[in-house]
Amino acid sequence: MLLKEVYESAKIVNMGATRITVNEFTDQLPALRPEVLLEAARGVIEVMDWHVDKIVTEEDKGAPLATAVSILTGIPMAIARWYSYSLDEVNEVCVDFESEYYQGQLYLNGVVAGDRVIIVDDTLSTGGAIISLVEAVRKSGADVVDVVCAIEKVQNKGKKHVFEKTGIAVKTLVRIALSEDKVSVLD
């Protein structure tokens with residue numbers, strides 16, 4: 001599996017008090033090969049609930065994966081952004097956002113009451129991004145049907161945090177653990 005290989009060779013860097021991976025899949029270092037992105041997208045498609053109207057992701061690292069899933073499934077995609085468009089006619093929902101490396105506001109457009117939504121993201125770490133996305137979708141009047149993340153950093157207990165805050169069980173494709181100097185692929 002290419003995705004596992006990417007993480008077995010990933011670098012670890014400190015971002016403040018947080019240790020993160022830098023790799024081809026999430027950071028395009030080196031440049032992201034199409035076959036890696038396709039493998040991850042196909043993995044998401046294999047486990048996702050198909051009874052949805054929209055795919056939702058955040059504008060940073062989840063966007064390439066969600067875009068590929070959208071293209072392969074034909075399901076429309078909405079991207080939550082870190083800035084507002086300030087257009088009165090746009091159904092914009094704003095929620096607080098806090099992840100392991102960013103804190104601020106998250107603005108969701110393109111999701112309306114009654115939509116059935118899947119959230120797709122690259123990495124589940126602390127669960128902060130997913131919790132904010134679920135809150136934004138629900139605030140728009142839509143229903144979160146499924147959440148799938150390609151990678152799960154197990155030491156940060158994101159699955160547990162998301163379930164405690166939202167009642168949603170996140171699906172992941174590959175579980176990893178970070179040590180002082182390397183990434184271990186657990187499955």
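Residues numbered from 1 in each chain as written. Predicted model: local features only at pLDDT ≥ 70, side-chain atom pairs only at ≥ 80, totals over all residues. Heavy atoms only, no water.

**Student:** Give a detailed account of the overall build of the chain, specifying residues and quantitative values.
**Tutor:** Counting secondary structure elements, the chain contains six helices and 10 strands. In terms of overall dimensions, the chain is globule-like: its C-alpha atoms have a radius of gyration of 16 Å, near the 16 Å expected for 187 residues. Its C-alpha atoms put the chain at 50 × 35 × 30 Å along the principal axes. Here the chain, with 187 residues, has 49% of them falling under the buried criterion. Taking as baseline every contact in the chain between residues at least 6 positions apart, the subset at least 24 positions apart corresponds to 61%. (Helix = DSSP H or I, 4+ residues; strand = E, 2+ residues; numbered from the N terminus. Rg over C-alpha atoms; globule rule 2.2 N^0.38 Å. Buried < 20%, exposed > 50% of the residue type's maximum accessible area, 1.4 Å probe, protein only. Contact = heavy atoms within 4.5 Å.)

**Student:** Hey, could you go over the nonpolar core for me, with residue numbers and the actual values?
**Tutor:** Core analysis: the largest hydrophobic core is formed by 30 residues, its most contacted members being Leu3, Tyr7, Phe25, Met48 and Leu65. Residue assignment for this core shows that the elements contributing at least two residues are helix 1 (2-8), helix 3 (34-47), helix 4 (63-73), strand 7 (116-124), strand 8 (143-153) and strand 9 (171-178). Residues in contact with Met48, not counting those within four places in the same chain, are Val69, Ile75, Ile118, Asp146, Val148 and Lys171. Membership of the second largest hydrophobic core comes to 26 residues, among which are Leu133, Ala142, Val147 and Cys149. (Core = buried A, V, L, I, M, F, W, Y, C linked by side-chain atoms within 4.5 Å.)

**Student:** With reference to specific residues and values, describe the environment of Leu133.
**Tutor:** Among the structural elements, Leu133 can be located in helix 5 (residues 128-139). Each C-alpha atom, one on Leu133 and one on Glu58, is 7.7 Å from the other, the two residues being 75 residues apart in sequence. Among residues more than four places away in sequence, those in contact with Leu133 are Val56, Thr57, Glu58, Ala80, Leu106 and Ile119.

**Student:** Residues and numbers for the sheet that holds strand 8, please.
**Tutor:** The sheet built from six strands is open, its strands ordered 4-3-7-8-9-10 with mixed pairing. The open sheet has two edge strands with one neighbour each: strand 4 (77-80) and strand 10 (183-185). Averaged over neighbouring strand pairs, the angle between their axes works out to 30° when direction is ignored. (Pairing = 2+ DSSP bridges. Axes fitted to C-alpha atoms, helices over the stretch in contact; angles between N-to-C directions.)

**Student:** Any chance you could break down the pairing of strand 4 for me, citing the residues and the numbers?
**Tutor:** In terms of strand pairing, strand 3 (residues 54-58) meets strand 4 through four bridges, oriented parallel. Across the sheet, Val56 pairs through a bridge with Ala78, a residue of strand 4. One crossover worth recording links strand 3 to the parallel strand 4 by way of helix 4, and it is right-handed. (Right-handed = clockwise from strand over helix to strand, strands pointing away.)

**Student:** So, the packing of helix 5 against helix 6 (residues 158-166): which residues are in play, and what are the values?
**Tutor:** Where helix 5 meets helix 6, the axes come as close as 9 Å, and the angle between the chain directions of the two elements is 25°. Considered as vectors, helix 5 and helix 6 are oriented roughly parallel to each other. Crossing angle aside, the handedness with which helix 5 passes helix 6 is right-handed. For the pair formed by helix 5 and helix 6, the contact residues are Ile130, Ile131, Val134 and Arg138 on the first element and His161, Val162, Lys165 and Thr166 on the second. Among the residues forming the contact of helix 5 with helix 6, the class breakdown is four nonpolar, two polar and two charged. (Parallel < 35°, antiparallel > 145°, perpendicular 65-115°, else oblique. Left-handed = near helix turned anticlockwise from the far one by under 90°. Nonpolar A, V, L, I, M, F, W, Y, C, P; charged D, E, K, R; others polar.)

**Student:** Quick rundown of the environment of Phe163? Include the residues and the values.
**Tutor:** Tracing the chain through its elements places Phe163 in helix 6. A residue is classified by how much of its surface remains accessible, and Phe163, at 48% relative accessible area, is partly exposed. Distance in space between the C-alpha atoms of Phe163 and Gly127 is 9.2 Å, their sequence separation being 36 residues. When near neighbours in sequence (up to four residues on either side) are disregarded, Phe163 contacts Ile168 and Ala169.

**Student:** Mind laying out a nonpolar patch on the surface, listing which residues take part and the relevant values?
**Tutor:** Together, Tyr83, Tyr85 and Leu87 make up a nonpolar patch on the protein surface, roughly 290 Å² of accessible area in all. The residue Tyr85 is located in the loop between strand 4 and strand 5 (93-98) in this model. (Patch = residues over 30% accessible without salt bridge, like charges linked within 9 Å, V, L, I, M, F, W, Y side chains within 5 Å. Areas by Shrake-Rupley, 256 points an atom, 1.4 Å probe, with all protein chains shown as cover. Salt bridge = Lys/Arg side-chain N within 4 Å of Asp/Glu carboxyl O.)

**Student:** Account for the packing of aromatic side chains, with residues named and values stated.
**Tutor:** Overall, the coordinates contain two aromatic pairs when judged by the stated rule. Each ring, one from Trp82 and one from Phe97, has its centre 6.2 Å from the other, and the planes form 35°; the classification is tilted. Taken as a pair, Trp82 in the loop between strand 4 and strand 5 and Phe97 in strand 5 lie far apart in primary sequence, 15 residues in all. Pairing Tyr83 with Tyr85 gives two aromatic rings, centres 5.6 Å apart and planes at 85°, and the pair type is edge-to-face. A relative accessible area of 38% places Tyr83 in the partly exposed class. (Phe/Tyr/Trp six-rings, centres within 6.5 Å; stacked < 30°, edge-to-face > 60°.)

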